[in-house]
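So you can see what is in the structure, the chains are spelled out below.
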Amino acid sequence: MKVVILAGGFGTRLTEETENRPKPMVEVGGRPILWHLMKHYAGHGFREFAVALGYKGEFIKRYFADYALLTGSLTIDLATGGIERHGGPKEDWQLHLADTGLHTVTGGRVKRLAPYLREGGTFMLTYGDGVSDVDLRALLAFHRAHGKLATVTAVRPPARFGGLVFQGDRVAEFTEK
């Protein structure tokens, strides 16, 4: 099961943090929000990620390209250029970091990730700041049991920036920001 992460927005509601980096790279507890999000999915067995990049996407690329080199200890053989890692976290994640355009809207970003997704296959999708404590295995089981095209998780308190109108446990309407 692949996980799509939308990480290309401008993060305008968090400007003081996102002027120099994308919102998913804002740190919480010494790690980027994106890392915490991926750690949660990996904890439920979902370890392949297709990340839709846009605004300052190079920060996300650089972080994960350097991740193995900047965690733990290293032995470097200057004669051969060989590098051997010692210790540090060893995440068993596969990442597809795709440039999806600076001004691309949400649906366009998902469409541009199609080469990384199995046609017609189920995948999970979240925003790059969508940290939660949702039991993702239970969510997937719920989705499959109901045979719907999509399943959405949401919080019921009114949102300042958009929300959902429910009829029972079904989404009847999306409200905009």
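Presented here is an overview of the structure given in this document. (Residues numbered from 1 in each chain as written. Predicted model: local features only at pLDDT ≥ 70, side-chain atom pairs only at ≥ 80, totals over all residues. Heavy atoms only, no water.)

1. A look at the overall build of the protein chain
Rule in force here: Helix numbering and strand numbering both begin at the N terminus, where a helix is a DSSP run of H or I of at least 4 residues and a strand a DSSP run of E of at least 2. The cut-offs for exposure are 20% and 50% of the maximum accessible area for each residue type, with area from a 1.4 Å probe on protein chains only; residues under the lower value are buried, those over the upper are exposed, and the others partly exposed. Contacts are residue-level and defined by heavy atoms, with any inter-residue pair within 4.5 Å sufficient. Only the protein chains shown count as cover for residues, with accessible areas throughout obtained via the Shrake-Rupley method and a probe of 1.4 Å. His residues and chain termini do not enter the charge count, which takes Lys and Arg as positive and Asp and Glu as negative. To locate a charge, take NZ of a lysine, CZ of an arginine, CG of an aspartate or CD of a glutamate.
Along the backbone of the protein chain there are 5 helices and 10 strands. Its C-alpha atoms give the protein chain principal-axis dimensions of roughly 65 × 40 × 30 Å. Sorting the 177 residues of the protein chain into buried and exposed places 28% on the buried side. Sequence separation of 24 or more characterises 63% of the internal contacts of the protein chain that already satisfy a separation of 6 or more. Split by element, the accessible area of the protein chain, about 11300 Å² in all, is 53% carbon and sulfur. Of the side-chain charges in the protein chain, 23 are positive and 19 negative, and the distance between the mean point of each set is 5 Å.

2. Structural notes on the packing of helix 2 (residues 33–43) against helix 3 (residues 57–70)
Selection rule: To get an axis, fit a line to the C-alpha atoms, keeping to the stretch in contact for a helix; angles then go from 0 to 180 degrees between the N-to-C directions. For classification purposes, angles smaller than 35 degrees are called roughly parallel, those larger than 145 roughly antiparallel, those between 65 and 115 roughly perpendicular, and all remaining angles oblique. Residue polarity follows a fixed list, in which Ala, Val, Leu, Ile, Met, Phe, Trp, Tyr, Cys and Pro are nonpolar, Asp, Glu, Lys and Arg are charged, and the others, Gly among them, are polar.
Between helix 2 and helix 3, whose axes approach to 11 Å, the crossing angle comes to 60°. On the basis of the axis angle, helix 2 is oblique to helix 3. Only Ile60, Tyr63, Phe64 and Tyr67 of helix 3 make contact with helix 2, whose side of the interface consists of Leu34, Trp35 and Met38. Class assignment for the residues of the contact of helix 2 with helix 3 results in 7 nonpolar, no polar and no charged.

3. Looking at a nonpolar patch on the surface
For the record, the criterion: In this scheme, patches are assembled from residues that exceed 30% relative accessible area and form no salt bridge. Like charges are connected within 9 Å, while nonpolar side chains (Val, Leu, Ile, Met, Phe, Trp, Tyr) are connected within 5 Å. Salt bridge, as used here: a side-chain nitrogen of Lys or Arg that lies within 4 Å of a carboxyl oxygen of Asp or Glu.
On the surface, a nonpolar cluster with roughly 620 Å² of combined accessible area is contributed by Leu69, Leu70, Leu74, Ile76, Leu78 and Ile83. Elements with a minimum of two residues in the nonpolar patch: helix 3 and strand 5 (73–77). Tracing the sequence through the fold places Leu69 in helix 3. With relative accessibility at 36%, the residue Leu69 sits in the partly exposed group.

4. What about the pattern of salt bridges?
Side chains that differ in charge, positive against negative, can pair when their charged atoms come close. Counted by the stated rule, this structure contains 5 salt bridges. A salt bridge links Lys39 to Glu91; its shortest N-O distance comes to 3.1 Å. Here Lys39, found in helix 2, pairs with Glu91, found in the loop between strand 6 (82–86) and strand 7 (94–99); they are 52 residues apart in sequence, far enough to count as distant. On the accessibility criterion, Lys39 (37% relative accessible area) is partly exposed. On the accessibility criterion, Glu91 (22% relative accessible area) is partly exposed.

5. Some details on the layout of surface pockets
Here is the rule: Only protein atoms enter the calculation, which uses a 1 Å grid: trapped sets of points that fit a 1.4 Å probe without letting it out are cavities, open sets showing protein on both sides within 12 Å along at least five of seven lines are pockets, and any residue with an atom within 4 Å of a point is a lining residue. Grid points are joined across faces, edges and corners, and a volume is the space filled by probe spheres set on the points.
Counted as a void, the second largest pocket has a volume near 160 Å³. If you go around the second largest pocket, the residues you meet are Phe64, Tyr67, Ala68, Arg85, Pro89, Lys90, Glu91, Trp93, Leu95 and Leu97. Elements represented by at least two residues in the lining of the second largest pocket include exactly helix 3 and strand 7. A breakdown of the residues in the lining of the second largest pocket according to their chemical character gives 7 nonpolar, no polar and 3 charged.

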